[in-house]
Amino acid sequence: MKILVTNDDGIYSPGLAALAKIAARFGEVKIVAPDAEQSSMGHAITSSRPLSYKKSPVSFDGLEAYRVNGTPADCVALGQHLWDKPDVVLSGINMGPNLGNAMWHSGTLAAAKQAVLFGMKGIALSTPADKIEPNFELLDPFVEKALDLLFKNPHLNLINVNFPHNPKGVRWTRQSVRLYDNRIEPGIDPMGRKHYWFTVIPLEPSEEGTDRWAMENDFVSITPLRLDLTNEAELLKAQLAYPIS
Ligand code: MN
């Protein structure tokens, strides 16, 4: 199995090194990651200037690794071009969770989505990195177990996985879709200038069975996703209510 490993935190992230190390147990691994942090870039691609890549300054225990002056989606595109279609793209392990509405702006997940658009399997992996730094040694067996499970299932092609700090088990989940407070928080910098933070805070508690619920209860959350955003129920209603002949 040919495994392309990327992320949105950039080539220097400890989460990328942790993921590459675990991935190497399953097949041949190459790393193609952004040269600088690309978190919250979503599914952006670089189309107004050329892309280039260089050998990584970081050693990944002998694994081939490259850094790209682009987004996570760019890395997948360039990676699959250079490596004649890998079987799977792993993106992460992101330093920060990717749950619920965060999937819309996640660069980590965008790399997995781009993989699926190219006909490969795409798996996004994330863990909180707040007051407590991730303990990748502790997470190692859970990451390995999740990958083993997902590699064995050919029907799952786009998957979002989140690991709590100290997992007590694994749950299949769905995306939490709740109201969010997309708030702009003003502040003043040391020079007296106004600046703003764009913050996203859930307004409602999480529902059982969702990704947020699993993580709040210390379970690894595995969410199968799809690229088709069509609202099937509304499409059917519209077709019936406004038939076009
Ligand atoms: Mn990130």
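What you see is a predicted model, and the numbers here were worked out from it, not measured in a lab. All residue numbers refer to position in the chain's written sequence, counted from 1. Selection of residues for local features in this predicted model requires a pLDDT of at least 70, selection of side-chain atom pairs for listing and counting requires 80 or more, and totals for whole chains, interfaces and linings are taken over all residues. Each side-chain value is worked out from all heavy atoms of the structure, with water and hydrogens disregarded.

Chemist: Teacher, can you tell me more about the packing of helix α2 (residues 72-82) against helix α3 (residues 107-117) here?
Modeler: Angles run from 0 to 180 degrees between N-to-C directions of axes, and those axes are lines fitted to C-alpha atoms, restricted for helices to the stretch in contact. Secondary structure elements follow DSSP: runs of H or I no shorter than four residues count as helices, runs of E no shorter than two count as strands, and numbering proceeds from the N terminus. For the pair α2 and α3, the least separation of the axes is 7 Å and the interaxial angle reads 30°. If you check the angle between α2 and α3, you find them roughly parallel. Seen along the crossing, α2 lies across α3 with a hand that is right-handed. Across the interface between the two elements, Pro 72, Ala 73 and Val 76 of α2 pack against Gly 107, Ala 111, Gln 114 and Ala 115 of α3. Counted by class, the contact of α2 with α3 contains 5 nonpolar, 2 polar and no charged residues. In this scheme, roughly parallel covers angles under 35 degrees and roughly antiparallel covers those over 145, while 65 to 115 is roughly perpendicular and the rest are oblique. A clockwise turn of the near helix away from the far one marks a right-handed crossing, whereas an anticlockwise turn of less than a right angle marks a left-handed crossing. Note on contacts: a residue pair qualifies if any of its non-hydrogen atoms lie within 4.5 Å across the two residues. Classification convention: Asp, Glu, Lys, Arg as charged; Ala, Val, Leu, Ile, Met, Phe, Trp, Tyr, Cys, Pro as nonpolar; all other residues, Gly among them, as polar.

Chemist: I would appreciate a short explanation of the nonpolar core in the present structure.
Modeler: Side chains of a nonpolar character, in soluble globular proteins, are inclined to be buried together. For our purposes a nonpolar core is just a set of buried Ala, Val, Leu, Ile, Met, Phe, Trp, Tyr and Cys residues, chained together by side-chain atoms within 4.5 Å. Exposure is judged per residue with a 1.4 Å probe applied to protein chains only, and the accessible area is read against the type maximum: over 50% gives exposed, under 20% gives buried, and values in between give partly exposed. In this structure, Ile 31, Leu 90 and Ile 123 are the most contacted members of the largest nonpolar core, which totals 32 residues. Of all the secondary structure elements, the ones that give two or more residues to this core are β1 (2-6), α1 (14-23), β2 (28-34), β5 (88-95), β6 (121-127), α4 (136-152), β7 (158-162) and β11 (219-224). The element that contributes the greatest number of residues to this core is α4, accounting for 7 residues. Setting aside its immediate chain neighbours within four residues, Leu 90 contacts Ile 3, Leu 4, Val 5, Thr 6, Leu 19, Ala 23, Ile 123, Leu 125, Leu 147 and Phe 151. In this structure, Val 32, Val 76, Val 89 and Ala 115 belong to the second largest nonpolar core, which totals 12 residues.

Chemist: Just to check I follow, could you spell out α4 for this structure?
Modeler: Between the first and last residue of a helix there are one fewer steps than residues, each counted as 1.5 Å, and that sum is the expected span. Over its 17 residues, α4 runs 23 Å from end to end, which matches the ideal 24 Å to within 8%, given 1.5 Å per residue. Working definition for bend: take the seven residues up to and ending at a residue and the seven starting at it, fit an axis to each, and measure the angle between the axes. Within α4, the axis deviates most sharply at Phe 142, by approximately 25°. Turning to α4, its buried residues are Phe 136, Leu 139, Asp 140, Val 143, Ala 146, Leu 147, Leu 150 and Phe 151. The distance from a side-chain oxygen at the start of α4 to the backbone nitrogen of Glu 137 is 3.2 Å, and the residue carrying that oxygen is Asn 135. Two N or O atoms form a polar contact when they lie within 3.5 Å of each other; inside protein one atom must be a possible hydrogen donor and the other a possible acceptor, and for residues adjacent in sequence the pair counts only when both atoms belong to side chains.

Chemist: Help me understand the pattern of salt bridges, please; the structure alone is not making it clear to me.
Modeler: When charged atoms on two side chains of opposite charge get close, those side chains can pair. Put simply, a salt bridge is a Lys or Arg side-chain nitrogen that is within 4 Å of an Asp or Glu carboxyl oxygen. Within this structure, the stated rule accounts for 8 salt bridges. Between Glu 185 and Arg 183 there is a salt bridge; the shortest N-O distance is 3.2 Å. The partly exposed category is assigned to Glu 185, whose relative accessible area is 34%. A salt bridge links Arg 212 to Glu 216, with the nearest nitrogen and oxygen atoms 4.0 Å apart.

Chemist: I would appreciate a short explanation of the coordination of the manganese ion in the present structure.
Modeler: For a metal with four donors in a tetrahedral arrangement, the ideal angle between donors is 109.5 degrees, while six donors in an octahedron ideally sit at 90 or 180 degrees. Note that water is not among the atoms used; donors are N, O and S atoms within 2.8 Å of the metal (3.2 Å for Na, K and Ca), so sites may look incomplete. Bound to the manganese ion on the protein side are Asp 8 (OD), Asp 9 (OD), Ser 39 (OG) and Asn 94 (OD1), at distances that span 2.1 to 2.2 Å. Spacing between the donor residues of the manganese ion along the chain follows D-D-x29-S-x54-N. Here the residue Asp 9 occupies a position in the loop between β1 and α1, and Ser 39 occupies one in the loop between β2 and β3 (53-55), the gap between them amounting to 30 residues. A residue is classified by how much of its surface remains accessible, and Ser 39, at 27% relative accessible area, is partly exposed.

Chemist: Whenever I open this one, the sheet that holds β11 confuses me. Can you help?
Modeler: Backbone hydrogen bonds are what pair the strands of a sheet, in a parallel or an antiparallel way. In spatial order, the strands read β3-β4-β2-β1-β5-β6-β7-β11-β8; together these 9 strands make up an open sheet with mixed pairing. Edge positions in the sheet fall to β3 and β8 (169-172), since each has one partner strand and no second. The sheet shows a mean angle of 20° between the axes of neighbouring strands, direction not considered. α2 contacts β1, β2, β3, β4 (64-68) and β5 of the sheet and is inclined by roughly 150° relative to β1. Packed on one face of the sheet, α3 meets β1, β5, β6 and β7 and runs near 170° to β6. Only when DSSP finds a minimum of two bridges between them are two strands counted as paired.

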